[in-house]
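Close look at the chain arrangement
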Amino acid sequence: MSVTKHKELLAWVEEIQAMCKPDEVVWCDGTKEEYDRLMNEMVESGMAIKLNEDKRPNSFLFRSDPSDVARVEDRTYIATRKQVDAGPTNNWIDPVELKKTMTELYDGCMRGRTMFVIPFSMGPVGSPIAKVGIEITDSPYVVVNMHIMTRVGQPVLDVLGEDGQFIPCLHSVGKPLGPGESDNGQWPCAPIEKKYIAHFPEENLIWSFGSGYGGNALLGKKCLALRIASALARREGWMAEHMLILRLTSPEGKQFHIAAAFPSACGKTNLAMMVPTVKDWKVECIGDDIAWMKIGPDGTLRAINPESGFFGVAPGTNYKTNPMAMETVKENSIFTNCVLTDDGDIWWEDMDYVAEHGIDWKGNEWTPDSGRNGAHPNARFTTPAAQCPIISENWEDPAGVPIDIFIFGGRRSDVMPLVHEAVDWDHGVFMGASAASEPTAAALDVKKKIRRDPMAMLPFAGYNIGEYWQHWFEMGDKLGDKQPKIFYVNWFRRDENRKFIWPGFGENSRILKWMCERVDGKADAVETPLGFMPQVKDIDIDGLDMDTKALEGILEIDREAFVSEFEDLDEFMQPVGDKLPKRMKNQIERFKDRMKNS
Ligand code: OXD
Ligand code: MN
């Protein structure tokens, strides 16, 4: 069956088939029948477990190989002709050399397997901001996840027509099967030294080998929608950012759209669909991980969520931290590396109850007394965005929503106050660029150690980070008086007993409300060396169960603490060398000056 007359696409598929040598080729149509058929096959082969239909309808559990549980940043490459174009924050290999290495790995790598061709759209099909990708994969797990995370099927090929542009994304789990051999229900992947997550931004091309997990394998997400798209966006004058998008509506019915960038494990999904505690304000979710933004005909910055599902971290998600996510994953969801309970449901650490017994993510018997986690800390749910009870009715609006506010942030137990506001665009770009976060995995070295994660894009900017910042400055120039206001938050300050001071979650709405009132010119702030900051009186604390003194404490600046901050920042910026924008240098100098002298 020929599903397309697109010659270039057909030629590419033939070329990959000749290289990878699968047993057969299947063009995916994105239908429910296809999803059900693949799931049934995976249940039969032992790869997937169907959950109890009464507990969690149409939902499935997968267990990955213990070596294949997360994105592999060390094996992720930006292959540009000149190393400087990848910049100091990316791993680089010459593209010719990398293609040679990977071609050898790809040769015959799909033997004994089916090669799926997945036409997908990032963004509503046909939206002026959307892009078409074609993922070739030998993993049916990838196909079913892509069904949820992207728009798959014939309408995408129709948009492509006979000569439309697409981004080729090649993926293999890197484990060919011998004659008569099968996976036997084991998750297929290649050893770490054979894993490559490769990006060729000069050709808009993605090659991934050896991993079947998350961002390594669902190539529409981090690879296309962030790394390749960020490079494309710079060339084409738009922005691809690691940001959630939400709408906040005031009691008077005024809508504000917020895009917020936080490193992984800083609560992006929680914020994206929070239930506000501040009275009569409403939150709607548009996206939880990625925002594509273009200047619209009216000059405002219009954002879409290029994805159609949430690929969220499961552990820690519960009815207190994220009730809307809990409601979203009630059915039609895929779970990876969670506990299987005795009644055929899933469980993870910090769910609302403690499971008494189950099978852990490695397939072993587990009880709470086993002394180990039942779910992997990076266990995930894949769930349709449309199922979120507070998904905005405009979440698929092809024109996007107009962004009023950008928020940057990170997880810091000290130094950074609860919230501050940039005095202008350039200052805000500096705030984003200097964002830092504490690693969350139990660090043996308890001493504070922070990782700079500019705009939460450290692992995702597909080109030189200095040029990425320059692009931010230039977008500000183009936006002129339509620039969103920029803020920086830190929900994670701790007291001397290491307890969180700010209650977070729904209470964060109080800070978002202050931001909206700043946009409207209704709320006060004081000018400080960090930027504008609220005082306690400027924040709506009605009903907030918190000591005012403690709140005052996290709205103060400890100037001494910023001295080591300067050193750390200089160390981070230094390798950017000649590519460090002049405007960024100015901002760094001004920041130091204000901290020391004002
Ligand atoms: C993610 C991440 O999976 O940022 O979204 O790591
Ligand atoms: Mn992310």
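Because the structure is predicted, anything quoted here is derived from the model rather than measured.

Definitions and cut-offs
- Throughout this document, residue positions are counted from 1 along each chain, in the order its sequence is written.
- Lettering of chains starts at A and numbering of ligands starts at 1, both following the order in which they are written.
- Where totals are concerned, whole chains, interfaces and linings use all residues; where local detail is concerned, this predicted model gives features only for residues with pLDDT of at least 70, and gives and counts side-chain atom pairs only at 80 or more.
- Side-chain figures throughout are based on the complete set of non-hydrogen atoms in the structure, without hydrogens or water.
- Numbering of helices and strands runs from the N terminus; a helix is a DSSP stretch of H or I covering at least four residues, while a strand is a stretch of E covering at least two.
- Note on method: radius of gyration uses C-alpha positions; expected globular size equals 2.2 Å times residues raised to 0.38.
- Partly exposed describes any residue whose relative accessible area lies between the buried limit of under 20% and the exposed limit of over 50%, with all areas from a 1.4 Å probe on protein chains only and scaled to the type maximum.
- Throughout, a contact is declared for two residues whenever any of their heavy atoms are within 4.5 Å.
- Surface accessibility in these figures is a Shrake-Rupley result with a 1.4 Å probe; residues are shielded only by whichever protein chains are displayed.
- Two residue types count as positive, namely Lys and Arg, and two as negative, namely Asp and Glu; His and chain ends fall outside the count.
- In this description, the location of a charge corresponds to atom NZ of lysine, CZ of arginine, CG of aspartate or CD of glutamate.
- Polar contact criterion, stated in full: a pair of N or O atoms within 3.5 Å, where within protein one must be able to donate a hydrogen and the other to accept it, and residues adjacent in sequence count only if both atoms are side-chain atoms.
- Note on terminology: near, applied to a residue and a molecule or strand, indicates that one of the residue's heavy atoms is within 4 Å of it.
- Charged residues are taken to be Asp, Glu, Lys and Arg, nonpolar residues to be Ala, Val, Leu, Ile, Met, Phe, Trp, Tyr, Cys and Pro, and polar residues to be all remaining types, Gly included.
- Keep in mind that water is not among the atoms, so a site may look incomplete; donors are the N, O and S atoms within 2.8 Å of the metal, or 3.2 Å for Na, K and Ca.
- Between rings of Phe, Tyr and Trp, where Trp is taken as its six-membered ring, a pair exists when centres lie within 6.5 Å; planes separated by under 30 degrees are stacked, by over 60 edge-to-face, and by other angles tilted.
- Think of it as a cone above the ring: NZ of Lys or CZ of Arg counts as a charge over the ring if it is within 6 Å of the ring centre and within 35 degrees of the ring normal.
- Each helix should span, by expectation, one fewer than its residue count multiplied by 1.5 Å.
- Taken from the helix axis, the directions to the C-beta atoms give the arc we talk about.

Looking only at helices and strands, the chain features 15 helices and 31 strands. For 598 residues, the compact-globule estimate of 2.2 N^0.38 gives 25 Å, and the chain sits close to it at 24 Å. Reported as C-alpha extents along the three principal axes, the dimensions of the chain are approximately 75 × 55 × 50 Å. Counting every position in the chain, which comprises 598 residues, the buried fraction comes to 61%. In the chain, of all internal contacts separated by at least 6 residues, the share reaching a separation of at least 24 is 73%. About 23,900 Å² of surface is accessible on the chain, with carbon and sulfur atoms providing 48% of the total. The distance from the centre of the 68 positive side-chain charges to the centre of the 92 negative ones in the chain is 4 Å.

A separate point is the environment of Arg 494. Residue position: Arg 494 is located in the loop between strand S29 (485-489) and helix H12 (509-519). The class for Arg 494 is partly exposed, based on a relative accessible area of 25%. Within the structure, Arg 494 has its side chain in polar contact with the backbone oxygen of Arg 498 (distance 2.8 Å).

Around ligand 1, the structure places Arg 71, Lys 222, His 242, Ser 264, Asp 289, Arg 380 and Phe 460. In the model, an oxygen atom of ligand 1 is placed 2.8 Å from a nitrogen or oxygen of the Arg 71 side chain. Asp 289 has a polar side-chain atom sitting 3.3 Å from an oxygen atom of ligand 1. In isolation ligand 1 exposes 210 Å². Once the protein is present, 88% of that is buried. Tallied by class, the residues present in the shell around ligand 1 amount to 1 nonpolar, 2 polar and 4 charged.

With distances of 2.2 Å, the protein atoms coordinating the manganese ion (ligand 2) are Lys 222 (NZ), His 242 (NE2) and Asp 289 (OD). Going along the chain, you hit the donors of the manganese ion (ligand 2) in the pattern K-x19-H-x46-D. With His 242 in the loop between strand S11 (239-241) and strand S12 (244-249) and Asp 289 in the loop between strand S14 (282-287) and strand S15 (291-295), this residue pair connects regions lying 47 residues apart in the sequence. You can call His 242 buried: its relative accessible area is 1%. Asp 289 sits in the buried class, given a relative accessible area of 8%.

Turning our attention to the packing of aromatic side chains. Inspection of every chain in the model, using the stated rule, returns 25 aromatic pairs. Between Phe 200 and Trp 207, the ring centres sit 5.8 Å apart and the planes meet at 80 degrees, which makes this aromatic pair edge-to-face. Centre to centre, the rings of Phe 430 and Phe 591 are 5.2 Å apart; their planes meet at 50 degrees, and the pair counts as tilted. On the criterion of sequence distance, the pair formed by Phe 430 in helix H10 (residues 425-433) and Phe 591 in helix H15 (residues 582-597) is long-range, its members being 161 residues apart. Of the residues examined, Phe 430 reaches a relative accessible area of 3% and is grouped as buried. A network of ring pairs unites the aromatic residues Phe 62, Tyr 141, Trp 187, Tyr 213 and Phe 311 as a single cluster. The ring of Phe 60 carries Lys 50 above its face, with NZ or CZ at 5.2 Å from the centroid. Positioned above the aromatic ring of Tyr 196 is the side chain of Arg 75, whose terminal nitrogen or guanidinium carbon lies 4.7 Å from the ring centre.

Let us look at H15. Helix length check: H15 (16 residues) gives 22 Å between terminal C-alpha atoms against 22 Å at 1.5 Å per residue, within 8%. Every buried residue of H15 is accounted for by Met 584, Gln 587, Ile 588, Phe 591, Lys 592, Arg 594 and Met 595. Down the axis of H15, the buried side of the element spans an arc of 165 degrees, and every buried residue falls inside it. Facing away from the buried side of H15 by over 90 degrees, the exposed positions are Lys 582, Lys 596 and Asn 597. Those residues of H15 hidden inside the fold are in contact with H10, helix H11 (465-479) and helix H14 (561-573).

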